[in-house]
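Next come the chains, spelled out residue by residue.
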Amino acid sequence: MTDAAALPGQPRGGVLSGPATARAVNVLAPNASAMTLDGTNTWIVAEPDSESAVVIDPGPLDDAHLRNVLDTAEKAGKRIALTLLTHGHPDHAEGAARFADLTGTRVRALDPALRLGDEGLAAGDVIGVGGLELRVVPTPGHTADSLCFHLPADRAVLTGDTILGRGTTVVAHPDGRLGDYLDSLRRLRSLTVDDGVHTVLPGHGPVLEDAQGAVEFYLAHRAHRLAQVETAVEDGYRTAAEVVAHVYADVDRSLWPAAELSVWAQMDYLREHGLI
């Protein structure tokens, strides 16, 4: 059995739902799958002494889950004041409109199509609710609209699908672009170096205790995969499906369709840089 501390990012063991930092509590959605791992992490974030809270990624359109999020906040003496989205994939955002109905909150997102209310989200925005401070960090790559939220008081970052608590994420071609994703990982690395971020609160999987280690692993993994794809194309594997069958032969075949999206993104990146 592998020691969790030896894994990239030092994933925290134990129950996934519940308090993760002084200000962040996870409510795990019941939508586990090969792509969502244990399910979507819906985060309730608030100052300990405040009655107001922010919810990040309400998750799927599952009424029992959405009510569980609301009940969890109310039992802690919190009122949901705002809903935020890291990106628009249904496992994170499909329940947002219903959750807004239940809580009477606005929904803020980068994508205007996902917003409920007049305000969106943009790089450099600072969200303040009940003394809480969240800083918007643009992290396109997994999707074009992907964002992270820096929680300075807990030296933490909420990463959506940009960094997962286990495994690696998909660059969802054509919306996601590898060059953007690599830039986003470097931006997150800067948070760990310059702003002291050490905890990753991911959209799926366990909390990571070593944010810098997680980012460095992701960057190394992407460089390794990119080299493998470049070599595969040079060896005559021409389509994304052919490259996946060759490069991802040791990966569960149920994940091959997702891997194919990442390979398309990697092939585009290699072409843009004149490498294939």
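No experiment lies behind these values; they were computed from the predicted model shown.

### Overview of the sheet that holds strand S7 (residues 126–129)
Strands sit in the order S7-S8-S9-S10-S11 across an open sheet of 5 strands; the sheet is mixed. The sheet is open, and its two edges are formed by S7 and strand S11 (199–202), each paired on a single side. This sheet shows a mean twist of 25° between the axes of neighbouring strands, independent of strand direction. In terms of strand pairing, strand S10 (residues 156–160) meets S11 through 4 bridges, oriented parallel. From the neighbouring strand, Leu-158 faces S11, where its bridge partner is Leu-201. Contacting strand S8 (132–138), strand S9 (147–151) and S10, helix H4 (residues 178–194) crosses the sheet at an angle of about 145° to S8.

### A short note on the layout of surface pockets
Within this model, the largest pocket holds a volume of roughly 560 Å³. Here the residues of the lining of the largest pocket sort into 12 nonpolar, 9 polar and 5 charged. There is about 160 Å³ of room inside the second largest pocket. A breakdown of the residues in the lining of the second largest pocket according to their chemical character gives 9 nonpolar, 2 polar and 3 charged.

### Points about the sheet that holds strand S5 (residues 79–84)
If you walk across this open sheet you meet the 6 strands as S1-S2-S3-S4-S5-S6, and the pairing is mixed. This sheet does not close on itself; its edge strands, each paired only once, are strand S1 (18–19) and strand S6 (107–108). Relative to S5, strand S4 (residues 52–56) runs parallel, the two sharing 5 bridges. From the neighbouring strand, Ile-56 faces S5, where its bridge partner is Leu-84. Most of the contacts of helix H1 (residues 63–75) go to strand S2 (residues 24–28), to which it runs at about 150°, and overall it touches S2, strand S3 (41–45), S4 and S5. Contacts from helix H3 (residues 96–103) reach S4, S5 and S6, with the element oriented near 155° to S5.

How each quantity is defined
Residues numbered from 1 in each chain as written. Predicted model: local features only at pLDDT ≥ 70, side-chain atom pairs only at ≥ 80, totals over all residues. Heavy atoms only, no water. Pairing = 2+ DSSP bridges. Helix = DSSP H or I, 4+ residues; strand = E, 2+ residues; numbered from the N terminus. Axes fitted to C-alpha atoms, helices over the stretch in contact; angles between N-to-C directions. Contact = heavy atoms within 4.5 Å. 1 Å grid on protein atoms, 1.4 Å probe; cavity = no way out; pocket = protein on both sides within 12 Å on 5 of 7 lines; lining within 4 Å. Points joined across faces, edges and corners; volume = space filled by probe spheres on them. Nonpolar A, V, L, I, M, F, W, Y, C, P; charged D, E, K, R; others polar.

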